[in-house]
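# Coordinate inspection notes
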Amino acid sequence: MSIQAPEGQLITSAREIRQMLVKLSETATPITIQPQDSENRLTTYLASIQSEQGIMCFDMPLPQQRHVLLKNRNLTLTTRLNGCLLTLSDVRLSPIEDVAAEAGFQAAIPSQVHFLQRRRSFRAPVRPQLDIFASLPFADELPVTGLLKDLSAEGCRIELSGDRQADFSQLSEPLPLTLNFPDSSRFNANLRIMRSHYDPVKQRTDLGCSFESLQTVQQQQLTRLVADLQRDYINHLRHGGHPSGTPAVFVPSEHRVMAGQAIKSSPPPAESVKPVPTPVDSMPIDIRRAHQSAISAIKGMIVALRSAKTLPLDQAEEAAQHLLQAWRQDRQGILLLSRLRDADTYLFQHSVSFALSLVDTLATQYGDQLKPALLEQLMLGGLFHELSRALLPGGIQQTDLEGEPEQRSIWMEQQLQLIETLSHGSRLSVEAIHLVRDSHERLDGSGLLQRGDAQLNRVSRLAATLYALERLSQCWYNCDWHYHPLRAFKMVAERTAEFHAPSVRLILKQQGKYPLGSAVQLNNQMLGLVMRQDEQRQPTHLRLVYNLKFNSLIPPKDLCLTDQPGLYIERPVNPLRFEIGASLLKMPLRDAR
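Residues numbered from 1 in each chain as written. Predicted model: local features only at pLDDT ≥ 70, side-chain atom pairs only at ≥ 80, totals over all residues. Heavy atoms only, no water.

## Here's the deal with the nonpolar core
Ranked by internal contacts, the top residues of the largest apolar core, which has 97 residues, are Phe384 and Ile580. With residues near it in sequence (within four places) discarded, Ile580 still touches His482, Ala519, Leu527, Leu529, Val545, Tyr546, Leu553 and Pro575. One finds Leu130, Leu191, Leu214 and Leu222 within the second-largest nonpolar core, a separate group that totals 31 residues. (Core = buried A, V, L, I, M, F, W, Y, C linked by side-chain atoms within 4.5 Å. Buried < 20%, exposed > 50% of the residue type's maximum accessible area, 1.4 Å probe, protein only. Contact = heavy atoms within 4.5 Å.)

So this is what it looks like as structure tokens:
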């Protein structure tokens, strides 16, 4: 039930409130904490919902020096859900006392939530992988094409490649906008640029725009488009994007059938942002063989370096090509396979995992800028990034992040020598060599070659962050390897002087709140491993491995989460606590249906 309240609607239905909170937890939406009688604010995330106990669990609020403001005070929590403002009033936070649980705070689930949606200013988001091209005129009336990111009845947000602030920030006259939809339809309107912001990490310019002098027909069309975007977004969140729930305007013409005939679409705009082209592979590849060929290539490089022989680059290039083919063929399958570790081949497995994760992140975030040849070079750089450590005595078995202190000077010499060898004795590109050079660096200059923030580019900062996350997410406990990405994210996030915070957020967005291979707890007291995700990085398939009621491991069983009404993930769990080893990911995913 819901009644009208001064701040929009006052939601009092326990079921509606729980659904909202679960969605906030799944989407890792930031929450602002406003202590009573204080101007200071803190930020946190909703980690999990424990419905039976009536408790919300939060990550450690930041900044930590303001935790004194949380004691014995009424707090107001505000956040946004699908563009709408949620307000939780008179909340009391207390530290989580369970020593086995992750550090954080907890509070009782509120009995009411204020829900405010300003209809005119509500911005419907454009879901990932839905390309709506926005064309704007520029100097000499040449069009500039970007991507629509959200839309409301009053304005929109457009994302452009590169730094275009100087081009648009000083404009005073309205510009004509053309939105090109997948079904070949268009929407034309005049808009005014209200703000522009350049993100140096993503190398994107965001334009905040307001529509000007809309006619009645245009207003009606906008209302329909905003409703379609909202319906499409909800369809992909709830049903994984089932075709029956996708509005017709977002279905490409070649995929629509009328009277038995396919309707051909017109070509996209000349400057449309295009994904990385995928080469046509003649035969499917076995992802396990591709993974093993990469491990063999790294071993071959180490043997050649140790004996001062010619580097077997042909083998390495072929292995990189096979990995890329496996990634294109079964992205999630090869990423899951790379989560495995064993004592004998740890360094090789880590190198393959790092290379795949780096290419996966870069291709997703900068797909329109990366050519297949560059992706192959980045894959090679990822495979080679740990070769200098392998040249140290016992380096292949080292599993720590920093390396042995007494070996740092030797490792530095080996790293410089490796870079020299790759620069003059190989076919590696400059980008690949820079990747090898900078993967072990830190923003504060405490890395292997002591290169600081000013000497690192955006890929280097991302690579150094990803390197630390890959290392720290693997834990050796009770004679077995465990994959614990949440631990790694928290450890890296705390080291703000060393690692690039925007890169941490980018990787978290890429992997999702529940990364592939991570351990989670369901509301039926079962623990499982995430085996597959949907386009929004939400888990769809799980492998059940542990029963909390009997406190025991069980024979693994795969299931499709979307086919199980009422079953949902409550929170991530620490796999070390339940001795859930990463070896449970080895078996092929069964048909869960």
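## Here we look at unusual backbone geometry
The omega torsion across Leu62 and Pro63 is 0°, close enough to zero to call that bond cis. Tracing the sequence through the fold places Pro63 in the loop between β5 (55–58) and β6 (75–81). Phi at Asp90 takes a positive value of approximately 55°, unusual for a residue other than glycine. Mapped onto the secondary structure, Asp90 falls in strand β7 (residues 84–91). Its identity as a non-glycine residue notwithstanding, Arg537 has a phi of 65°, on the positive side. (Helix = DSSP H or I, 4+ residues; strand = E, 2+ residues; numbered from the N terminus.)

## Some words on the pattern of salt bridges
When charged atoms on two side chains of opposite charge get close, those side chains can pair. Taken as a whole and judged by the stated rule, the model has 22 salt bridges. Arg157 serves as the salt-bridge partner of Asp206, at 3.0 Å between the closest nitrogen and oxygen. Separated by 49 residues along the polypeptide, Asp206 in strand β17 (residues 204–212) and Arg157 in strand β14 (residues 155–161) bring together distant segments of the chain. Between Arg192 and Glu212 there is a salt bridge, with the nearest N and O atoms lying 3.0 Å from each other. Remark: Glu212 occurs in strand β17 and Arg192 occurs in strand β16 (residues 186–199); sequence separation between them is 20 residues. On the basis of relative accessible area, Arg192 is assigned to the partly exposed category, the value being 26%. (Salt bridge = Lys/Arg side-chain N within 4 Å of Asp/Glu carboxyl O.)

## What to know about the packing of helix α7 (residues 346–365) against helix α8 (residues 372–384)
As a packed pair, α7 and α8 sit with axes 7 Å apart at the nearest point and diverge in direction by 150°. Crossing of α7 against α8: the hand is right-handed. Residues Ser351, Val352, Phe354, Ala355, Leu356, Leu358, Val359, Leu362 and Ala363 of α7 form the contact with α8, whose participating residues are Leu375, Leu378, Met379, Gly382 and Leu383. Its residues assigned to classes, the contact of α7 with α8 comprises twelve nonpolar, two polar and no charged. (Axes fitted to C-alpha atoms, helices over the stretch in contact; angles between N-to-C directions. Left-handed = near helix turned anticlockwise from the far one by under 90°. Nonpolar A, V, L, I, M, F, W, Y, C, P; charged D, E, K, R; others polar.)

## Let's talk about the sheet that holds strand β23 (residues 526–533)
With respect to topology, five strands assemble into an open sheet ordered β25-β24-β23-β22-β26, the strand pairing being antiparallel. One side of each edge strand has no neighbouring strand; the edge strands of this open sheet are β25 (552–560) and β26 (569–572). For this sheet, the mean angle separating the axes of adjacent strands, direction not counted, is 35°. Both β23 and strand β24 (residues 539–547) contribute to a ladder of seven bridges, which runs antiparallel. (Pairing = 2+ DSSP bridges.)

## A short note on the packing of helix α4 (residues 287–306) against α7
Viewed as axis vectors pointing N to C, α4 and α7 meet at an angle of 115°, and their least axial separation amounts to 9 Å. The two elements α4 and α7 cross, and the hand of that crossing is right-handed. Packed against α4, whose contacting residues are His291, Ala294, Ile295, Ile298, Lys299 and Ile302, the element α7 presents Leu347, Phe348, Gln349, Ser351 and Val352 at the interface. Partitioned by chemical class, the residues of the contact of α4 with α7 number seven nonpolar, three polar and one charged.

## Section: the pairing of β14
Along β14, five of the seven residues are buried, which leaves the element largely enclosed by surrounding structure. Pairing of strand β13 (residues 143–151) with β14 involves four bridges; the strand directions are antiparallel. Counterpart to Leu147 in the pairing with β14 is Glu159. With antiparallel pairing between neighbouring strands as the criterion, β13 and β14 make up a hairpin whose turn holds three residues.

Scope: geometric values only; no functional claims are made or implied.
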